[in-house]
Amino acid sequence: MSQRITMRIEDGVADVRLARPERMNALDLPMFDALIDAGAALARDGAVRAVVLSGEGRAFCAGLDMAEMARLAGTAGEKMPPVATRTHGIANRFQQAVMTWRDCPIPVIAAMHGVAFGGGFQLALGADIRYVTPDVKMAIMEIKWGLVPDMGGILLAPRLARDDILRELTYTGRVFSGREALEYGFATRVADDPLAAA
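From a predicted model like this one, the values you see are computed outputs, not experimental measurements.

A. Representation of the packing of helix α1 (residues 29-44) against helix α3 (residues 93-102) in the model. At a closest axis distance of 8 Å, the pairing of α1 and α3 adopts a crossing angle of 35 degrees. Considering the relative orientation of α1 and α3, their crossing is left-handed. On α3, the residues touching L29, F32, D33, L35, I36, A38, G39, A40 and L42 of α1 are R93, F94, Q96, A97, T100 and W101. Its residues assigned to classes, the contact of α1 with α3 shows 10 nonpolar, 3 polar and 2 charged.

Spelled out as structure tokens, the structure:
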């Protein structure tokens, strides 16, 4: 794996952790690639029976690293890949980082703490099961930039939450707790230690 993700397999369980704690596991291009590579590798590994996806440090995932994305958009070096470019069938690079977990043929459990904002929230939606702390903060943040949750959120969220709740959260970017996430259908279970529960 890249330095963005750590992966340890023990007794048939893959412990996959976003490993950028100094940036609250914010998503940059290497993190997207690491998520895609890890998901593909685990899908091919017949010995793995389950995946636990979590984040190191204070957060599950703070969403897009906006400073890094702005830097890429403004440099002549490495450029931000066009969103319209389909790199994985019908999915682009950003969507595939979420959908690789949804398409994984083994159960994927997201263990969430701290924050799961924007792309981090969508990443969790790719899991089959989501265990959350009562006070985890989640939000569909894309409205702040005039965007929609297009990393898979549009496809996955309506399967979990009522339409009016989903619209309100998408239109406002309102932050909600783990307990609210359970009520809305985004969380499977509230646990003081989601990683241990997973």
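From this point, things continue past the structure.
B. Here's a closer look at the pattern of salt bridges. On inspection of all chains with the given rule, the structure shows 12 salt bridges. D128 is the partner of R102 in a salt bridge, and the nearest nitrogen-oxygen pair spans 3.2 Å. In this pair, R102 sits in helix α3 while D128 sits in the loop between α4 (119-125) and β6 (129-132), placing the two residues 26 residues apart along the sequence. Under the relative-accessibility criterion, R102 is labelled partly exposed at 26%. Several salt bridges share partner residues, and in doing so they unite R4, R20, R23, D28 and D65 into one network.

C. Structural detail: the sheet that holds strand β2 (residues 13-18). If you walk across this open sheet you meet the 6 strands as β1-β2-β3-β4-β6-β8, and the pairing is mixed. The sheet terminates laterally at β1 (5-10) and β8 (189-190), the two strands that pair on one side only. Inspection of the sheet shows β1 paired to β2 by 6 bridges, in the antiparallel sense. Note on β2: the bridge partner recorded for M7 is V16.

D. Representation of the nonpolar core. Grouped together as the largest cluster of nonpolar side chains are 50 residues, with contacts concentrated most on L35, V51, F60, W101, M112, M138 and F186. Put simply, the parts of the chain that give this core at least two residues each are β2, α1, β3 (50-55), α3, β4 (108-112), α4, α6 (163-172) and α7 (178-184). It is α1 that provides the largest number of residues to this core, a total of 8 residues. M112 has contacts with F60, A124, R130, Y131, V132, T133, V136, M138 and P194, leaving out every residue within four places of it along the chain. With 5 residues, the next largest nonpolar core counts V115, F117, A139 and M141 among its residues.

E. Summary view of the pairing of β2. The turn linking β1 back onto β2 is made up of 2 residues, and D11 within it adopts a positive phi angle of 55 degrees. As judged from the 6 bridges shared by β2 and β3, these two strands associate in the parallel manner. Paired with A14 across the bridge in β3 is V51. With α1 bridging β2 and its parallel neighbour β3, the resulting β-α-β unit is right-handed.

Calculation rules
Residues numbered from 1 in each chain as written. Predicted model: local features only at pLDDT ≥ 70, side-chain atom pairs only at ≥ 80, totals over all residues. Heavy atoms only, no water. Axes fitted to C-alpha atoms, helices over the stretch in contact; angles between N-to-C directions. Helix = DSSP H or I, 4+ residues; strand = E, 2+ residues; numbered from the N terminus. Left-handed = near helix turned anticlockwise from the far one by under 90°. Contact = heavy atoms within 4.5 Å. Nonpolar A, V, L, I, M, F, W, Y, C, P; charged D, E, K, R; others polar. Salt bridge = Lys/Arg side-chain N within 4 Å of Asp/Glu carboxyl O. Buried < 20%, exposed > 50% of the residue type's maximum accessible area, 1.4 Å probe, protein only. Pairing = 2+ DSSP bridges. Core = buried A, V, L, I, M, F, W, Y, C linked by side-chain atoms within 4.5 Å. Right-handed = clockwise from strand over helix to strand, strands pointing away.

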